[in-house]
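Structural overview
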Amino acid sequence: MTVAIRAKARKRNAAGPGDGAGSSKAGASWASRDRLAAAGFLAPNLILYTIFIVIPIVLALALSFTSWNLVGAPQWIGLGNYREMIDDPAMPQAIETTMLFLLFGVIPTVILGLLLAMLVNVRFRFVGVVRTLYFVPAVVSFAASAILWQWIYRPGQGILDFLLAKVGINGPAWLSNTHTALISLDIISIWLSLPTAILLYLAALQRIPPQVIEAAMLDGAGAFSRLRNIIWPGVRNMTILVVIVTILAFTNSSFDLVNILTQGGPINVTTTLIYYIYYAAFNNVQLGYAAALSILQLALFAVILGLLAAARRFAR
Amino acid sequence: MIRLRARVRRTIRITAITIIGLILAFPLIYLVLGSVMTSAQLTSFPPQFIPTSFHLGNYSLAWDYMRGRSVLNSVIFTVATVGLQWALCISAGFALAKLRFRSSNKVTALLGVSLFVPIITTLVPTFIVTDKFHLVNTYPGLILPIVAQTGFGTLLFRQYITGLPTELVDAARVDGTSWLGILRRVIIPLATPATGAYVAISVLTAWNMYLWPLVVATTPNVQVMTETLAPLASSEYGSIPENVGFAATALTTLPMVVAFLLAQRAFVRGLAGSGVE
């Protein structure tokens, strides 16, 4: 307390007489100077944020009530785009594709992430080096992984079909077969997302004392019992975080990988909602309709994250 | 007897860990090996994995294909984006953490909103705003809208700096240090771990970014590497030999792999922190 008062006094002295007009209460002038500093630190950040984030969010909502093809001014059509959306058979299909893509991608990532984290949660001499092998795919871009995996998927010639042929299976044309295209994109995305899942789970597992697991083993608890009674309570909260992070990663890959590898095909089986929005905006130049779709995407996103947040609260 | 069984089990486990790790990293290992093969060896069937001869020339051909310019643009984009955004985030995070003013919580909430808005929602409007400033196909147009995504970074620094002892700030105030001086001489040095995690994850995101450059940078003078690389995955693969395509892919990927190996701690913390919103 004394320190603070002395500080104020010194500050007042240092400020000199010219500044003294409003400082009959020294505390007030100090606080106002704090506010000025805070404004200075925040202004550049908030100005850019407002121009390129806040305004576009508001603009997206406004555009969704208009019809616009970049020529001339946007025309107000009220709920026209939303009505068109309901009649558009491609819309529910895109949502279904997105949901399937998330389901077949996120669930394996979470399960494999936990299992692999449990596997590598052991100390040995080169554990750091070996764990690097698990983490390093995280730095690969969607573009680079697309090229790499397309090579692995090459029909008849690629490594995957080569390995399958060894066990007598004739591999499909992974990326151009309607049954396997979406799964093939999921596999790439799982490969890219696993490192973060493993990392997060490993952090949670390392908080469980090894003695607890050893004691359980001495008590004769089986692998399943250990998983249920010791591991799961320790990683339950982390699981929701892993799910959220993985959904965010898959949301990004549902554009990048689709645009680079399949362009929504074959016969639209990989047209995710994000890709459909991009297509409506930049190929069909229906900016109003694309905006309405993107509001739908935002709503879906909010529902999913809301449910997860509720689950998180429930889990505690 | 029990001890022997435990040792055998441990050996099996470590072997399994190593093999699975090699499988997971295999695509990357294959990328590096394939990038120095001859085209004939890379496309041979059954697939070959060990290069019979080394062709580093693939990389100079890849450089020519990427026109060098896109590599340079990726470097400019990454450095400018991360540098500017870091400055905005650490100063704002400091203000939110240690300076007292009325609307502090409101500002924090406003910045938090962006974490829950998918990029695609703001893609078209952000493009329109950028176009209104006549910044399409310019460096500022490519860089500034990404710099503006300050939500994650600001909240990260706010959280970290809140944890730093307030006495240090008070002591500096007593000495008459200005707020800017406190930021520079006290906060920034102490926040180095947070900066490390932030820089690692941000460099990675910027270097690998595809969607925004695809939309706003369509001319060769501003295109980044992900844009010149992506066409290799579609029909245009025929434009260059496969081994050169591998070298081009490696050229964009290896800098991040090396960065990861050198700063694994920062990357691990950054990747883990990317979820802790």
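Residues numbered from 1 in each chain as written. Chains lettered and ligands numbered in written order. Predicted model: local features only at pLDDT ≥ 70, side-chain atom pairs only at ≥ 80, totals over all residues.

**Section: the overall build of chain A**
Here is the rule: Put simply, DSSP marks the helices as runs of H or I at least four residues long and the strands as runs of E at least two long, and each gets a number from the N terminus on. Any residue pair is listed as a contact if its two C-beta atoms, each placed from the backbone, are within 7 Å.
Check the secondary structure of chain A and you find twelve helices and two strands. Mapped from its N terminus to its C terminus, chain A presents α and β elements in the order α-α-β-β-α-α-α-α-α-α-α-α-α-α. Contacts in chain A between residues at least 24 apart in sequence constitute 68% of all its contacts with a sequence separation of at least 6.

**Some details on helix 10 (residues 223-262) of chain A**
The periodicity of an α-helix, 3.6 residues per turn, causes residues three or four positions apart to be oriented the same way. Residue and element names in this part refer to chain A. For clarity, the threshold we go by: Each helix should span, by expectation, one fewer than its residue count multiplied by 1.5 Å. Note on bend: the value at a residue is the angle between axes fitted to the seven residues ending there and to the seven starting there.
For helix 10, which comprises 40 residues, the first-to-last C-alpha distance of 42 Å sits more than 12% below the rise-based estimate of 58 Å (1.5 Å per residue). Bending of helix 10 peaks at approximately 55 degrees at the position of tryptophan 232, with proline proline 233 no more than four residues after it. Positive phi appears at glutamine 263, one or two residues downstream of helix 10, with a value of about 45 degrees.

**Describing the confidence of the model for chain B**
The predicted coordinates should not be examined in detail at positions where pLDDT is low. Residue and element names in this part refer to chain B. This is how the line gets drawn: Every residue gets a pLDDT, meaning the predictor's confidence in that residue, from 0 to 100.
A residue-level look at chain B finds 97% of positions with pLDDT of 70 or above and a mean pLDDT of 90. Element-level mean pLDDT values for chain B span from 84 in helix 15 (residues 264-273) up to 96 in helix 7 (residues 139-147). With a pTM of 0.87, the predicted complex shows an ipTM of 0.89.

**Side note on the interface of chain A and chain B**
You'll often see interface size given as the accessible area lost when the parts meet. To keep it simple, the criterion reads: The classification used treats Ala, Val, Leu, Ile, Met, Phe, Trp, Tyr, Cys and Pro as nonpolar, Asp, Glu, Lys and Arg as charged, and all other residues, Gly among them, as polar.
If you look at the interface, chain A gives 75 residues, while chain B gives 72 residues. If one sorts the elements of the side of chain A that touches chain B by residue count, helix 2 (residues 26-63) of chain A sits on top with 19 residues. Residues of the side of chain A that touches chain B, tallied by class, amount to 61 nonpolar, nine polar and five charged.

**Quick look at the nonpolar core**
One broad rule of soluble globular proteins: the nonpolar side chains tend to lie buried together. Put simply, the rule is: In these notes, a nonpolar core means any group of buried Ala, Val, Leu, Ile, Met, Phe, Trp, Tyr and Cys residues linked to one another through C-beta atoms within 7 Å. Here a residue counts as buried when 20 or more other C-beta atoms fall within 10 Å of its C-beta, as exposed when 12 or fewer do, and as partly exposed in between; the C-beta atoms come from the backbone.
With 165 residues, the main nonpolar core has Tyr201(A) and Ile277(A) as its most contacted residues. For Tyr201(A), the contacting residues outside a window of four places in its chain are Gly113(A), Leu114(A), Ala117(A), Val235(A), Met238(A) and Val242(A).

**Re the environment of Ser104(B)**
All names here are of chain B. On the secondary structure map, serine 104 appears in helix 5 (residues 104-113). Residue classification places serine 104 among the partly exposed residues on the basis of 16 C-beta atoms within 10 Å. Spatially, the C-alpha atoms of serine 104 and valine 71 are 41 Å apart, while their sequence positions differ by 33 residues.

**Let's talk about the domain arrangement of chain B**
Which entries qualify depends on this criterion: Domain delimitation follows an automatic or database domain assignment.
Taken as a whole, chain B is organised into domain 1 (2-60) and domain 2 (68-233). The centre of domain 1 of chain B, based on its C-alpha atoms, is set 37 Å off from the matching centre of domain 2 of chain B.

**What about the environment of Thr108(B)?**
Residues and elements named next belong to chain B. In this structure, threonine 108 sits in helix 5. As for threonine 108 and alanine 95, which are separated by 13 residues in sequence, their C-alpha atoms are 11 Å apart. Sequence-distant contacts of threonine 108, that is, excluding residues within four places in its chain, are made with Leu96 and Arg158.

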